[in-house]
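# Reading the structure
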Amino acid sequence: MGSSAVGVEFTHGGSNYFVRAKKEVILSAGAFNTPQLLMLSGIGPGNHLQDLGIEVIQDLEVGSTLRDNPTFYGVAFQTNYTEPIEPLENYIEQYFQGVGPLAIPGNNQGVGFYESSYTRGTGIPDLEFMFIPAVASTILQQRAFRLTDQTYNDVYRFQDVGSTFGVYVIVLHSKSVGTVRLRSRDPFQFPLIDANFLSDPENKDINVLYEGVQLLMQMAQTRAFRSMDATLAGGQLSACSQYEFLSREYWYCAIRQLTINVYHPLGTCPMGRDPREGAVVDSELKVFGIKKLRVADSSVFPFALAGHPTAPSVMVGEQMGDILKEKYKYNDNYYDVLHDYF
Ligand SMILES: Cc1cc2nc3c(=O)[nH]c(=O)nc-3n(C[C@H](O)[C@H](O)[C@H](O)COP(=O)(O)OP(=O)(O)OC[C@H]3O[C@@H](n4cnc5c(N)ncnc54)[C@H](O)[C@@H]3O)c2cc1C
């Protein structure tokens with residue numbers, strides 16, 4: 001027969017509530033919390049749930065394939081151009097006009113997509129650059145990336161904010177796979193997240209990042225870069241001092257030190273044909289083995305994407321909407337939908 005989702009339990013204002021679903025439960029809590037909620041509900045890797053004393057309702061590889069885009073934050077260029085710093089009020093005014101540095105997420109002022117030697121000629125880039133004026137040299141960056149004082153001092157501290165730009169080197173379609181696991185049975189505890197970056201057995205991810213660094217070194221020789229005297233900023237990482245500065249070995253070491261996520265987690269409840277091969281949802285976003293339960297968010301992507309995940313996540317939601325409208329014969333009249341529910 002199989003189990004069936006019947007509703008949702010939640011807490012609000014200090015009280016617990018249970019809402020019974022008339023039709024289905026649709027989970028959209030994102031790549032970390034969707035697997036957390038499934039596992040708390042007994043849907044996940046059997047051994048892991050048993051270790052925590054959770055009854056296994058459905059043994060599925062929930063949270064076993066966390067993917068992101070590993071990003072190397074260790075390249076910045078010093079230039080002879082200094083970005084004029086304006087008063088904050090100006091930036092706020094510009095923001096409301098939809099322009100200026102505050103209107104650009106992460107102050108990311110340029111993006112480039114490239115094919116590494118793995119994908120050359122395919123038309124499918126696996127390398128992205130993001131050009132970020134100034135950001136790589138702030139204390140905020142140190143805190144956000146939890147850099148040690150030593151690493152911060154080695155690479156970022158002496159950069160002049162106004163005249164430096166960083167370039168983030170990003171692997172698309174990355175191969176490394178991490179996990180999301182429960183810390184405990186307590187729904188208020190954050191889950192355990194292990195990105196497990198640069199762990200793919202064939203080292204493709206780190207090789208692609210190294211190719212990206214080399215491409216940047218070539219860019220540094222172009223007329224555009226030379227016109228502003230762009231030279232590599234920052235010194236040698238102490239953690240990699242056993243290698244010749246800027247040698248291949250040095251960069252591989254630096255990449256392992258300074259590769260962090262780019263906030264694109266996905267893939268923790270992957271769509272696929274066969275749960276025995278790790279799939280958690282089918283092509284209609286239904287959780288295998290559980291009736292009346294679907295997932296509609298970035299968890300369902302079966303592989304790391306070639307771009308940024310917001311738009312594809314919205315597309316999953318749109319697809320979910322179409323599936324439900326078709327199944328329950330809703331039309332586009334909002335009031336009909338409301339009428340059906342109340
Ligand atoms: C700092 C940052 C910068 C980013 N920049 C970009 C970018 O520039 N471009 C891009 O394409 N993508 C970007 N992303 C990624 C993008 O935000 C995500 O890929 C996208 O939001 C995923 O959508 P989702 O629906 O899967 O999850 P989410 O958007 O995370 O939605 C999940 C929702 O579920 C809620 N929720 C979670 N747990 C519970 C619970 N237990 N009970 C009730 N509600 C719950 C959350 O509050 C949230 O509202 C960025 C992400 C971050 C963090």
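On a predicted model such as this, the values are computed, not experimentally measured, just so you know.

Next up on the list: the state of the cysteines. Under the defined criterion, the tally for this structure stands at one disulfide. Covalently, cysteine 240 is tied to cysteine 253 through a disulfide, its sulfur atoms 2.0 Å apart. The sign of the -85° torsion about the S-S bond sets the cysteine 240-cysteine 253 disulfide as left-handed. Placement of cysteine 240 in the loop between strand 13 (231–232) and helix 8 (248–258) and of cysteine 253 in helix 8 is noted, with a sequence separation of 13 residues between them. Of the two residues, cysteine 240 and cysteine 253, neither departs from the other in class, the shared state being buried.

All right, on to the site of the ligand then. Near the ligand the following residues occur: Ser28, Ala29, Gly30, Asn33, Leu37, Tyr263, Asp297, Ser298, His308, Pro309, Thr310 and Ser313. Between the ligand and serine 28, the relevant distance is 3.4 Å, taken from an oxygen atom to a main-chain nitrogen or oxygen of the residue. Within the backbone of proline 309, an N or O atom sits 3.3 Å from an oxygen atom of the ligand. Compared with its free state, where it exposes 1000 Å², the ligand has 44% of that area covered by protein. Among the secondary structure elements, those contributing two or more residues to the shell around the ligand are helix 1 (30–40) and helix 9 (310–328). Among the elements that make up the shell around the ligand, the one with the highest residue count is helix 1 (three residues).

This next bit is on the packing of aromatic side chains. Within this structure, the stated rule accounts for 13 aromatic pairs. With a centroid separation of 4.4 Å and an interplanar angle of 65°, the aromatic rings of tyrosine 73 and tyrosine 168 are classed as edge-to-face. Highlighted residues: tyrosine 73 in strand 7 (residues 71–78) and tyrosine 168 in strand 10 (residues 164–171), separated in sequence by 95 residues. Tyrosine 168 matches tyrosine 73 in its accessibility class, with the two residues each being buried. With a centroid separation of 6.4 Å and 70° between ring planes, the pair formed by phenylalanine 129 and phenylalanine 131 is classed as edge-to-face. On the basis of relative accessible area, phenylalanine 129 is assigned to the buried category, the value being 0%. You can call phenylalanine 131 buried: its relative accessible area is 18%. These aromatic residues form a ring-pair network of at least three members: Phe77, Tyr114, Phe129, Phe131, Phe165 and Phe225.

Using the residue numbers shown here, the UniProt feature "domain: Glucose-methanol-choline oxidoreductase N-terminal" (unreviewed entry) corresponds to residues 30–44. Secondary structure over residues 30–44 splits into 73% helix and 13% strand, and the C-alpha atoms at its two ends are 16 Å apart.

Let us look at the packing of helix 6 (residues 204–219) against helix 8. Viewed as axis vectors pointing N to C, helix 6 and helix 8 meet at an angle of 115°, and their least axial separation amounts to 10 Å. The element helix 6 and its partner helix 8 pack so that their crossing is right-handed. Mapping the contact onto sequence places Ile206, Asn207, Leu209, Tyr210, Val213, Gln214 and Met217 in helix 6 and Arg248, Trp251, Tyr252, Ile255 and Arg256 in helix 8. Within the contact of helix 6 with helix 8, the residues separate by chemical class into eight nonpolar, two polar and two charged.

Each value, and the rule that gives it
Residues numbered from 1 in each chain as written. Predicted model: local features only at pLDDT ≥ 70, side-chain atom pairs only at ≥ 80, totals over all residues. Heavy atoms only, no water. Disulfide = S-S within 2.5 Å. Helix = DSSP H or I, 4+ residues; strand = E, 2+ residues; numbered from the N terminus. Buried < 20%, exposed > 50% of the residue type's maximum accessible area, 1.4 Å probe, protein only. Near = heavy atom within 4 Å. Polar contact = N/O pair within 3.5 Å; in protein donor to acceptor, adjacent residues only side chain to side chain. Areas by Shrake-Rupley, 256 points an atom, 1.4 Å probe, with all protein chains shown as cover. Phe/Tyr/Trp six-rings, centres within 6.5 Å; stacked < 30°, edge-to-face > 60°. UniProt positions renumbered as here; feature names shortened; annotations may be inferred. Axes fitted to C-alpha atoms, helices over the stretch in contact; angles between N-to-C directions. Left-handed = near helix turned anticlockwise from the far one by under 90°. Contact = heavy atoms within 4.5 Å. Nonpolar A, V, L, I, M, F, W, Y, C, P; charged D, E, K, R; others polar.

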